[in-house]
Structure formats: structure tokens, C-alpha cells
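# Residue-level structure breakdown
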Amino acid sequence: MSITHKLPYEWQVGMRYTRAGKRSGRNSFISFISMASVTGIALGVAALIVVLSVMNGFQKEVTARMLSVLAHVEVFDGRGEMPDWRSAVQEALRNPEVRAAAPFAETQAMLLSDGVMKPVLLRGIDPAQEAKVSSVAQHMRAGGFDSLQPGSFNVIIGRALAKSLDVGVGDRVTLLMASTPEQAQGAAQGAQAGTLPRTRPLTVAGIFEAGHFEFDSTLAFANIEDAQGLAGVSAPAGIRLRLADMHQAPRVASELHGSMSGELFIRDWSKVNAIWYAAVESQKRMMFIILTMIVAVAAFNLVSTLVMTVRDKQADIAILRTLGASPRSIMSIFMVQGTLVGVLGAALGVTLGVVVALNIDVIVPFIERVFKVQFLSQEVYLISEMPSQLRWGDVGWIGGVAVLLAFVATLYPSWSAARVKPAEALRYE
């Protein structure tokens, strides 16, 4: 005996109604509408999986590019300087998640070249230790970090900044910085009407391209001793930490806040671009809602399909009722039919969506070659390939929502079928 014959008769009849009818054109038409509903659900589910996978891929790609410049956790001293930064490093390394630490200094300034002035964040680093906490050295387009020697006053800038200043390796730029409090006080005592910014000529010793416009256009690196001298401080501003798992950064930052001594300000990488991450998460939620509505439209096409099926099968319903079938059983038959359509559509959509999401790096270039189009301009997006990251949790949610919507769509037609009166249904048969 086959598995089908072991099922309750409600399942057997519901599955039979799902299959294409051969006795009349009306049955075939109903089956065609049913297959259209399956196709609509499948396409909606596949589109939702692909879109969310691409958005996840973009988020992962941008995060990787940011973390090539940013540290996982940054620890600042509330006094503006951290003279005992070596002790702070030892305290931080006691946390098992912390793998490396390096000192840094930061100051806001302006770079001037041939009348063009751009704001920069000048970050002082120790070239020997910076590689432990970031991978920016792997994104050098010219020059290298080994040129940042103490007293050299060399600077490494981003590619976008170099382009806007129209400079290259070996060119000279002028650094403009605000006067220190001591200098400002001296100027006031000298009865000057105002204070001029401090200037210092620097030599461009390298150009990097992290692939994130904000950093490529506003960040500059110098030796930490040179940066401290330019900022008028005698110690680093703090330390930068690298973790074993970047996703644990918020938790580790909280733990360090409680375990490290001193008046410290600690932030993890997710706080540096909190607005960007909030915008991405908001876009993902909106895309999920919008594409779920597309799935819902396809799922609720089942209402018309099942209503037509109920009207066409009134004689069958009447016969089943006279044989002893309860209204609940009649309702179950049509709920099985509609739910099977939803399950079939969701299964086909998940299969199609997963295949496309996993092979989007092959599919997109093929479409670009065939139709002579370019989806991603490297000058704008700084990447030439469509990124994709499939998350099975998203796939499960999408498939489950599609089946749930299909099930909800069966409730009214099934309830209507359960109310059919056998005598009235058989009157004209």
C-alpha cells in the first residue's frame, strides 16, 4: 500500500483537487490558476531571498572595508592623553578576546596643496604595531607604512584625498592645525587681533585605498611621535584593540569598561558608523516588508482559486456530506489543497532563490555580457562584483512566512465549503 493511501481521506481528496483535472475544461482552468499561484509565490520568495542576500553581501563587504582601517575596539583616556598606555595594553590583553593592541594619536587638521584645502583626521600610528590591529597596509596603492619614521614628517593619505588635492607620492602638502592653548594664550598676551593656524610641510609617502569613501577622502596617517608633536601632546590619545571575533566587540567593550582602570572612554567599531548600520538595517526591514507583500499578493490569489474550486466541487461536497463527512472534514480538504499550493510555491522559490544567491557572481556577469550593461560602476561603488551572503535563517523565515500566508488564504474558502448544504447542491445535478 502506498503512502498516499495511508493518509486520512481529507488529505487524499485535497491532494487530488490540487492536481490538474482532465474531465473538463473548467477543471483545467482552475488548475491553471492554481499553478499561476504557485509560480507567483515561488517568484516572490526567490526575489526576497536574492535581494536580502545581496544586501547582506553589501553590508559584509562594507564592514570588511571599514575594519581594514578601524580597530575592533578603541580605548581613549578621558584626559586627552594616555601616558601609561603600556599598562593599559597589559590590562586589555588580560581579556581572552583581545588579541593585539597598538597606541594611536588623533587630531583634526586641514591639508593644503596648490590652493585646494581639505579636512583630514590625522592619525598617528606606530608602523610596527599598526599591522596587528588593522589591515590598511594591505590596501596600499603606492608607497608603504615603513616610510613613517619618527621625525620624517611623512604622511600617507587616501586615494580620494590624493585625487582631490592632485598630489602623488613625493609631493609636498601643507598641514594646518589650530593653535594649542599655550600658543593661543601667548598670542593674546601679544595683543594680536587673532591667532594664525600652525602650519607644517609634510611629504606624501604613500597612498592607500580602503574602498570606503569616508576613510579614503578624510584619513591621513603619520608616525605617532610626529603626530603627538603636531598636536602638542606628549603621549598617545589611547590604544586600539583587535579581537578574536569582531562580532563580540560590543560585549568586550563593556567588559573592558569594567576591568580597566582610569577614566576611559571605550567604543567598539559598530558605534563609529552607527547611523550607517541603522540605515542598512532599516532598509533591509523595509525591503523584507515590501517583498513580503508581493508574496502575500500571490498567496491570496489562492482565495479566488479555492472559491472557484468550491463552486465547481459542490456536488462532490454534497456527496461527501451524505456519506457522513463533517463540516470540519470538508474544511480540511480545501485547507490541504491551498496549503499544498503554498508549500510547493515556497519550496520552488527557496530552491530558485538559493541557487541564484549562491551563484550571483556568475549570473550577473553573464547578464552584463549579454545585455551590454553594468550593474555596478567601480568608480561609484568601489567594487566590480555583486556581493552576496546567503543566511539560512533568512531563508527559513521567508519560506515560513510564504506557507503561513498561503494557509491564511485558505481559511475563508474552506469555511465557505463547510457551509454547503447537500440538498441545495444536488438539486440541479
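Each chain has its residues counted from 1, following the order in which its sequence is written. Only residues with pLDDT of at least 70 get local features here, since the model is predicted, and only at 80 or more are side-chain atom pairs given and counted; chain-wide, interface and lining totals rely on the full set of residues. Side-chain figures throughout are based on the complete set of non-hydrogen atoms in the structure, without hydrogens or water.

### Thoughts on the overall build of the protein
The condition is simple: Numbering of helices and strands runs from the N terminus; a helix is a DSSP stretch of H or I covering at least four residues, while a strand is a stretch of E covering at least two. Throughout, exposure labels follow a simple rule: accessible area from a 1.4 Å probe, protein chains only, divided by the maximum for the residue type, with under 20% read as buried, over 50% as exposed, and the rest as partly exposed. By definition in these notes, contact holds between two residues if any of their heavy atoms fall within 4.5 Å. Method for areas: the Shrake-Rupley scheme with a 1.4 Å probe, in which residue coverage is limited to the protein chains shown.
In terms of helices and strands, the protein carries 19 helices and 10 strands. Looking at the 429 residues of the protein, the share that counts as buried comes to 45%. Sequence-distant contacts in the protein: of pairs separated by 6 or more residues, those separated by 24 or more amount to 81%. Counting only carbon and sulfur atoms, one obtains 59% of the accessible surface of the protein, whose full area is about 22300 Å².

### Some details on the pattern of salt bridges
Note the threshold: Salt bridge criterion: a side-chain nitrogen from Lys or Arg within 4 Å of a carboxyl oxygen from Asp or Glu.
Overall, the coordinates contain 11 salt bridges when judged by the stated rule. Arg267 is paired through a salt bridge with Glu74; the nearest N and O atoms lie 2.8 Å apart. Within this pair, whereas Arg267 is found in strand E10 (residues 264–268), its partner Glu74 is found in strand E1 (residues 73–77), the two being separated by 193 residues in sequence. For Arg267, a relative accessible area of 26% corresponds to the partly exposed category. Of the charged contacts, one joins Arg123 and Glu106 as a salt bridge, the two residues approaching to 3.0 Å between their closest N and O atoms. On the criterion of sequence distance, the pair formed by Arg123 in strand E3 (residues 116–125) and Glu106 in strand E2 (residues 98–113) is long-range, its members being 17 residues apart.

### A short note on the packing of aromatic side chains
The line we're drawing: Each Phe, Tyr or Trp ring (for Trp, its six-membered ring) is paired with any other whose centre lies within 6.5 Å, and the angle between the two planes then decides the class: stacked below 30 degrees, edge-to-face above 60, tilted in between. Counted as over-ring charges are cases with an Arg CZ or a Lys NZ within 6 Å of the ring centre that also lie within 35 degrees of the ring normal.
By the definition in use, this model includes five aromatic pairs. Aromatic pair Phe145 and Phe221: ring centres 5.4 Å apart, planes at 65°, arrangement edge-to-face. Note that Phe145 is positioned in the loop between strand E4 (140–143) and strand E5 (154–158) and Phe221 in strand E8 (residues 219–223), a separation of 76 residues in sequence. The same class applies to Phe145 as to Phe221, namely buried. By way of ring pairs, the aromatic residues Phe76, Phe104 and Phe265 are connected into one cluster. For the cation-ring pair, Arg200 lies above Phe153, with the distance from its terminal atom to the ring centre recorded as 3.6 Å.

### Quick notes on the side chain of Asn95
Its location among the elements puts Asn95 in the loop between helix H4 (85–93) and E2. Using a relative accessible area of 10% as the deciding quantity, one classes Asn95 as buried. Apart from the residues within four sequence positions on either side, Asn95 is in contact with Val252, Glu255 and Leu256.

### Comments concerning the nonpolar core
Stated formally: We call a set of buried Ala, Val, Leu, Ile, Met, Phe, Trp, Tyr and Cys residues a nonpolar core when their side-chain atoms join them within 4.5 Å.
Among the nonpolar cores identified, the biggest contains 37 residues, and Val75, Phe221, Ile239 and Leu241 are the most heavily contacted of them. Residue assignment for this core shows that the elements contributing at least two residues are helix H3 (25–67), E1, H4, E2, E8, strand E9 (238–243), helix H10 (249–259) and E10. Other than its neighbours up to four places away in sequence, Ile239 contacts Val73, Glu74, Val75, Met82, Trp85, Ala88, Val89, Ala92, Ala102, Pro103, Phe104 and Met260. Counting residues in each nonpolar core, the second largest holds 20 residues, with Leu122, Leu161, Leu175 and Leu230 among its members.

### Topic: unusual backbone geometry
Phi at Asp114 is positive, roughly 50°, even though this residue is not glycine. By the secondary structure assignment, Asp114 is in the loop between E2 and E3. Using a relative accessible area of 75% as the deciding quantity, one classes Asp114 as exposed.

### Observations concerning the packing of helix H12 (residues 274–312) against helix H17 (residues 392–409)
Note the cut-off: Angles shown run from 0 to 180 degrees and are taken between the N-to-C directions of axes, each axis being a line fitted to C-alpha atoms and, for helices, limited to the stretch in contact. Throughout, a crossing is termed right-handed when the near helix is turned clockwise from the far one, and left-handed when it is turned anticlockwise from it by less than a right angle. Amino acids outside the nonpolar list (Ala, Val, Leu, Ile, Met, Phe, Trp, Tyr, Cys, Pro) and the charged list (Asp, Glu, Lys, Arg) are all regarded as polar, and Gly is one of them.
It is the contact of H12 with H17, at a shortest axis distance of 8 Å, that shows an interaxial angle of 35°. The handedness of the crossing between H12 and H17 is right-handed. Residue-level inspection shows Phe288, Thr292, Val295, Ala296, Ala299, Phe300, Leu302 and Val303 of H12 in contact with H17, the latter providing Ile398, Val401, Ala402, Leu405, Ala406, Val408 and Ala409. A per-class count over the contact of H12 with H17 returns 14 nonpolar, one polar and no charged.

### With respect to the pairing of E3
Just so we agree on the cut-off: When DSSP finds two or more bridges between a pair of strands, those strands are recorded as paired.
Alignment of E2 against E3, held across 10 bridges, turns out to be antiparallel. Note that in E3 the partner of Phe104 across the bridge is Ile125. Linking two consecutive strands that pair antiparallel, namely E2 and E3, is a turn of two residues; a positive phi of about 50° is found at Asp114 within it. Where E3 meets E8, five bridges bridge the pair, whose relative direction is parallel. When the sheet's bridge partners are listed, Leu121 is paired in E8 with Leu219.

### Brief notes about the side chain of Asp268
This is how it is decided: Polar contacts, as used here, are pairs of N or O atoms within 3.5 Å; protein pairs need one atom able to donate a hydrogen and one able to accept it. Residues neighboring in sequence count only if both atoms are side-chain atoms.
Within the secondary structure layout, Asp268 lies in strand E10. Classification of Asp268 as buried rests on a relative accessible area of 4%. A distance of 2.2 Å separates a polar atom in the side chain of Asp268 from a polar atom in the side chain of Ser270. Setting aside chain neighbours within four positions, we find Asp268 in contact with His72, Val73, Ala249, Pro250 and Ala253.

### Topic: the packing of helix H14 (residues 327–358) against H17
Keep this limit in mind: Roughly parallel here means an angle under 35 degrees, roughly antiparallel means over 145, roughly perpendicular means 65 to 115, and every remaining angle is called oblique.
As a packed pair, H14 and H17 sit with axes 8 Å apart at the nearest point and diverge in direction by 155°. Taken as axis vectors, H14 and H17 run roughly antiparallel relative to one another. For the pair H14 and H17, the crossing hand works out as right-handed. Contact residues: H14 offers Met335, Gly338, Thr339, Gly342, Val343, Ala346, Val350 and Val354, while H17 offers Trp392, Val395, Gly399, Ala402, Val403, Ala406 and Phe407. Here the contact of H14 with H17 is built from residues that sort into 11 nonpolar, four polar and no charged.

### Looking at the confidence of the model for the protein
Close reading of the predicted structure is inappropriate where its pLDDT is low. Note the cut-off: Per residue, pLDDT captures the predictor's confidence, and it can take any value from 0 to 100.
Looking at the protein, pLDDT values average 83 and 88% of them are 70 or higher. Across the protein, element-level confidence peaks in E5 with a mean pLDDT of 94 and bottoms out in helix H7 (residues 181–189) with 50.

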